[in-house]
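Results of the structural survey
Below are the chains, spelled out letter by letter.
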Amino acid sequence: MGLSYLEICGGRPLDGELEIQGSKNAVLPVLAACVPGEGVCTIENCPDITDVTDTLNILRALGYRAERAGGTVRIEASGSEKYEICGPEAVRIRSSVLFLGALLGKMKKARLPLPGGCVIGARPVDLHLRALRTLGAEFSLTEKITAVAPRLHGDTVRLPYPSVGATENVILAAATAEGHTVIEGAAREPEIDELCAFLCLRGADIRRLADGSIHIRGVRRLGPASYRMRPDRIVAGTYLLAAAAAGGRVFLRGCGGEGLEALERALRAMGAVWRKTDGGLEVCAEERPRAVPYLETAPHPGFPTDLQSQLMAALCRARGSSRIRETVFENRFRVVSELRKMGARIEVNGDCARIEGVSRLRPAVLEAADLRGGAGLAIAALQAPGRSAVLHTEYLARGYEDIGRDLCLLGAQARIRGIRCTDETKEKEEYSELQRCL
Ligand code: UD1
């Protein structure tokens, strides 16, 4: 076993700028949307993260040619008629479930394992299955999901909750189904509109109306397309919160802050200055933020659950008392025990956390337990004078190309360090040394 960790020497304000990588939550459904139709799809600004690597391997196993050259990924269909996904990648990443809609659209059948992903809650797929049944799919569930839809047809799908993944699965299946599909109660996340824009470039007929519903007229075929992914708003939000937490200034080149309106309100409440310019987005903050009396996460346009851990970390040293309610995933407070190791004062009561700001955090060895939680711990470490380590960088690698590199560009002292996997004794020694040093 190898050990790699993110080392951060914190306690100093940020000052720097960078360009934000392409969006993870948009590119994963876009890659699944390469399954139906013909021709070559070229995706530019495709983030180099492990969730993308896993998705490319799923496509390869399905018989597609998938190549990366720098930030550009090229997907080419080969006439393969495979409809089953069985590699370990499919279990590892939650978004593998999107191949259900994509394969139903192409092959009218699909088989895949129940999806995994970060353990941030129960994460069932009942809404996906119920919605796809409306379009004519039938399922049998064992340790795998097996789906058939001899006649996939349009219909009105009413989602009782605006699930991002269920909305995307319906779009993927309906794009080439017979007839007209309407999704009422569709999720409104901007990543869904990116998926629709990509499919429309390929020849699909999809529109979102002002009431939020999505209307899809099935087309016979989808063709080639070239698409550039927009900046990842969660990665952008992470670095803006890092500035609010550590103080200083960050400038995100080419980022307009789209889809981050709820974060903008929170950052302004924390006393940060948010300024959009022609070239990008700048956030400046004092040494200690103000508390946020109450904030709850919610589906878009509410405050994103994917930024909740980072916000919590940024409020640990706020002046005053903050309260956060998590309404989307029930298991998002796993960072709390790690933040307490640093001297944070946080009490959890059900889905609510109360954070009493302290004047100083102390460095520590911290264990990430999920992707965004890991980013939250990095933000906490930036505030603690001295050397901290965030273990389990494999979670961070799912969504951040290189968080150490990015934090350095923003003026922090940070880097990802690895302990050689081949030498287990040395690895143990280095690990003990790390614990001792901190
Ligand atoms: C997507 C994002 C994830 C983000 C989440 C909410 C991707 C790859 N991931 O995840 O980063 O945190 O949206 O913004 O885009 N639910 C059910 N039944 C279902 C589906 C969902 O009960 O069939 C519940 C989930 O358990 C969760 C809530 O609905 O409590 C939100 O889930 P959903 O919007 O589907 O999130 P994901 O698509 O998994």
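How each quantity is defined
Residues numbered from 1 in each chain as written. Predicted model: local features only at pLDDT ≥ 70, side-chain atom pairs only at ≥ 80, totals over all residues. Heavy atoms only, no water. Helix = DSSP H or I, 4+ residues; strand = E, 2+ residues; numbered from the N terminus. Rg over C-alpha atoms; globule rule 2.2 N^0.38 Å. Buried < 20%, exposed > 50% of the residue type's maximum accessible area, 1.4 Å probe, protein only. Contact = heavy atoms within 4.5 Å. Lys, Arg positive; Asp, Glu negative; His and termini not counted. Charge placed at Lys NZ, Arg CZ, Asp CG, Glu CD. Pairing = 2+ DSSP bridges. Near = heavy atom within 4 Å. Polar contact = N/O pair within 3.5 Å; in protein donor to acceptor, adjacent residues only side chain to side chain. Nonpolar A, V, L, I, M, F, W, Y, C, P; charged D, E, K, R; others polar. Domains from an automatic or database assignment. Axes fitted to C-alpha atoms, helices over the stretch in contact; angles between N-to-C directions. Buried area = accessible area lost by both parts, 1.4 Å probe. Salt bridge = Lys/Arg side-chain N within 4 Å of Asp/Glu carboxyl O. Left-handed = near helix turned anticlockwise from the far one by under 90°.

Helix and strand content of the protein chain: 15 helices and 23 strands. Compactness check: the protein chain gives a C-alpha radius of gyration of 22 Å against a globular reference of 22 Å for 438 residues, within 12% of the reference. Expressed as lengths along the three principal axes of its C-alpha atoms, the size of the protein chain is roughly 60 × 50 × 40 Å. Taking all 438 residues of the protein chain together, 56% fall into the buried category. Taking the contacts inside the protein chain whose residues are at least 6 apart along the sequence as the reference set, 73% of them involve residues at least 24 apart. Separation of charge centres in the protein chain, based on 59 positive and 55 negative side chains, amounts to 1 Å.

The element strand E8 (residues 144-148) is extensively covered by neighbouring structure, given that four of its five residues are classed as buried. As defined by bridge partners, strand E6 (residues 109-113) adjoins E8 across five bridges and the pair is classed as antiparallel. Its bridge partner lying in E8, Pro-113 is registered against Lys-144. The sheet contact formed by strand E7 (residues 138-141) and E8 spans four bridges and is antiparallel. Paired with Glu-138 across the strands is Val-148, a residue of E8. Between E7 and E8, which pair antiparallel one after the other, the connecting turn spans two residues.

Generally, phi is negative for residues other than glycine and the peptide bonds are trans, each holding for most cases. Note the cis peptide between His-300 and Pro-301, where omega equals 10°. Note on placement: Pro-301 falls in the loop between strand E17 (295-296) and helix H10 (308-315). The phi torsion at Asn-45 lies on the positive side, around 55°, for a residue other than glycine. Judged by its relative accessible area of 22%, Asn-45 is partly exposed. The backbone of His-392 sits at a positive phi, close to 70°, despite the residue not being glycine. Tracing the backbone through its elements, the reader meets His-392 in the loop between strand E22 (386-391) and helix H13 (393-396).

With that out of the way, let us pick up the site of the ligand. Around the ligand sit 18 residues in total, of which Asp-126, Leu-127, Ser-163, Asp-306 and Val-328 are the nearest. The contact in question runs from an oxygen atom of the ligand to an N or O atom on the side chain of Ser-163, over 2.7 Å. Counting only elements with at least two residues in the shell around the ligand, the list comes to helix H5 (126-134) and helix H6 (164-174). No other element matches H5, which puts three residues into the shell around the ligand. Taken together, the residues of the shell around the ligand break down into seven nonpolar, five polar and six charged. Looking at the shell around the ligand, you find at least three residues from each of domain 1 (2-21 + 231-437) and domain 2 (24-228).

It is worth spelling out the sheet that holds strand E11 (residues 205-208) at this point. Taken together, four strands build an open sheet; the order of strands is E9-E10-E12-E11 and the sheet is mixed. Every other strand in the sheet has two partners, leaving strand E9 (156-158) and E11 as the edge strands with one partner each. Looking at each pair of strands side by side, their axes are set apart by 15° on average, direction ignored. Two elements, strand E10 (residues 180-184) and strand E12 (residues 214-217), share four bridges in a ladder whose sense is antiparallel. Its bridge partner being in E12, Thr-181 is matched across the sheet by Ile-216.

With respect to the helices, strands and loops of the structure, Gln-310 is situated in helix H10. The exposure class of Gln-310 is buried, given its relative accessible area of 0%. In this structure the side chain of Gln-310 is engaged in a polar contact, spanning 3.0 Å, whose partner is the backbone oxygen of Asp-306.

Turning our attention to the environment of Arg-317. Within the secondary structure, Arg-317 sits in the loop between H10 and strand E18 (321-325). Residue classification places Arg-317 among the buried residues on the basis of a relative accessible area of 3%. Each C-alpha atom, one on Arg-317 and one on Ala-245, is 7.6 Å from the other, the two residues being 72 residues apart in sequence. If sequence neighbours within four positions are ignored, Arg-317 has contacts with Ala-245, Ala-246, Glu-287, Arg-288, Pro-289, Gly-357, Val-358, Ser-359, Arg-360, Leu-361 and Gln-383. Within the structure, Arg-317 has its side chain in polar contact with the backbone oxygen of Glu-287 (distance 2.8 Å).

What follows deals with the domain arrangement of the protein chain. Taken domain by domain, the protein chain holds domain 1 (2-21 + 231-437) and domain 2 (24-228). Here domain 1 and domain 2 have C-alpha centroids that lie 30 Å from each other. At the boundary of domain 1 with domain 2, total buried surface from both sides reaches about 1,900 Å², with 50% on carbon and sulfur atoms. Joining domain 1 to domain 2, the criterion identifies two salt bridges. The shortest N-O distance in the salt bridge between Arg-233 and Glu-191 comes to 2.7 Å. Split into classes, the residues belonging to the side of domain 1 that touches domain 2 amount to seven nonpolar, five polar and ten charged.

Next up on the list: the pattern of salt bridges. Overall, the coordinates contain 29 salt bridges when judged by the stated rule. For the salt bridge of Arg-332 with Asp-306, the shortest nitrogen-to-oxygen distance reads 2.4 Å. Highlighted residues: Arg-332 in the loop between E18 and helix H11 (336-341) and Asp-306 in the loop between E17 and H10, separated in sequence by 26 residues. Across the pair, exposure class does not vary: Arg-332 and Asp-306 are buried alike. Here the residues in one salt-bridge network are Glu-7, Arg-387, Arg-415 and Arg-417, joined through shared partners.

Let us now look at the packing of helix H1 (residues 24-32) against helix H7 (residues 190-201). Two measures define how a pair of helices packs: the angle their axes make with one another and the distance between the axes. The interhelical angle for the contact between H1 and H7, taken along N-to-C directions, is 35°, at an axis separation of 8 Å. Judged by the twist between their axes, the crossing of H1 over H7 is right-handed. Across the interface between the two elements, Asn-25, Ala-26, Pro-29 and Val-30 of H1 pack against Glu-191, Glu-194, Leu-195 and Phe-198 of H7.

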